[in-house]
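Examination of the molecular architecture
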Amino acid sequence: GQVRQLTWDHDFRTYMIRKTGMSEDEARGYYWRNVLLCYLGAWPEGDIQFEILSHTPQPGDRLILASDGVSKILDHADLLQICQLYPDPTACAEELVNLAIEKNSRDNCTCAVIAFEWSGADPPPEHPQPPSPTPPRKWWQFWK
């Protein structure tokens, strides 16, 4: 019933929000917002460091791995709604990509969803059924 962000973009926009208190609205229009400060292959300097957060998944959790074409377009309410409407991880990933495209994402829209299933005596919580069945897709079909 909630969304928790486990990673952060290492761009100047996120740095300004986290280190200076700049608001999301101010940062959205900031000129240097897309400049990368840290990326794989770079050596972090100063107070810019990679963060590795620990999280122990619980039954029923979803882990969403998404490119910024999805994560910067969809807000937490969008993520939660799609995860609740589409319990199947494949259908959920496809709908997240489709919604980002519908919201005019201008970047690569790539997404994977990992579902941590329920096991044991307790039944899973009830989820609404998706509006229409989604045919099986291959992972590369989510790159649009």
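The structure displayed is predicted, hence computed values, not measured ones. Each chain has its residues counted from 1, following the order in which its sequence is written. In keeping with the predicted nature of the model, local features appear solely for residues at pLDDT of at least 70, side-chain atom pairs appear and are counted solely at 80 or more, and the whole-chain, interface and lining totals rest on all residues. Neither water nor hydrogens contribute to the side-chain values; these are computed over all heavy atoms in the structure.

Moving on: the confidence of the model for the chain. Chain-level pLDDT for the chain is 78 on average; 72% of the residues reach the 70-or-more range. The predictor rates its confidence in each residue with pLDDT, a number between 0 and 100. We count a stretch as a helix when DSSP gives it H or I for four or more residues in a row; a strand needs E for two or more, and each element gets its number in order from the N terminus. For the chain, the element scoring lowest by mean pLDDT is helix α2 (residues 24-28), at 75; helix α5 (residues 89-102) scores highest, at 95. We call two residues in contact whenever any of their non-hydrogen atoms come within 4.5 Å of each other. The model gives residues 137-144 a pLDDT under 50, and that stretch makes 18 contacts with residues more than four places away or in other chains.

As a rule, the C-alpha atoms of each element are fitted with a line to give its axis, helices using only the stretch in contact, and angles between N-to-C directions run from 0 to 180 degrees. With their axes 9 Å apart at the nearest point, helix α4 (residues 76-85) and α5 run at an angle of 145° to one another. Our pair here, α4 against α5, has a crossing hand that is right-handed. Only Cys92, Glu95, Leu96 and Leu99 of α5 make contact with α4, whose side of the interface consists of Asp78, Leu79, Ile82 and Cys83. Classification used: nonpolar for Ala, Val, Leu, Ile, Met, Phe, Trp, Tyr, Cys and Pro, charged for Asp, Glu, Lys and Arg, polar for all others including Gly. Of the residues in the contact of α4 with α5, the class split is six nonpolar, no polar and two charged. A crossing counts as left-handed when the near helix is turned anticlockwise from the far one by less than a right angle, and as right-handed when that turn is clockwise.

Moving on, we get to the environment of Leu79. Tracing the backbone shows Leu79 in helix α4. Relative accessible area serves as the criterion here: at 15%, Leu79 is assigned to the buried category. If sequence neighbours within four positions are ignored, Leu79 has contacts with Val3, Ile64, Leu74 and Leu96. In this scheme, a residue with accessible area under 20% of its type's maximum is buried, one over 50% is exposed, and one in between is partly exposed, where area comes from a 1.4 Å probe on protein chains only.

Here the focus is α5. Helix span, expected: 1.5 Å multiplied by one less than the number of residues in the helix. Spanning 14 residues, α5 covers 20 Å between terminal C-alpha atoms, matching the ideal 20 Å at 1.5 Å per step. Those residues of α5 that sit buried are Ala91, Cys92, Ala93, Glu94, Leu96, Val97, Asn98, Leu99 and Ala100. Buried residues along α5 sit against β1 (62-66), α3 (68-71), α4 and β2 (111-115). Phi turns positive, to about 65°, at Asn104, one or two residues after α5.

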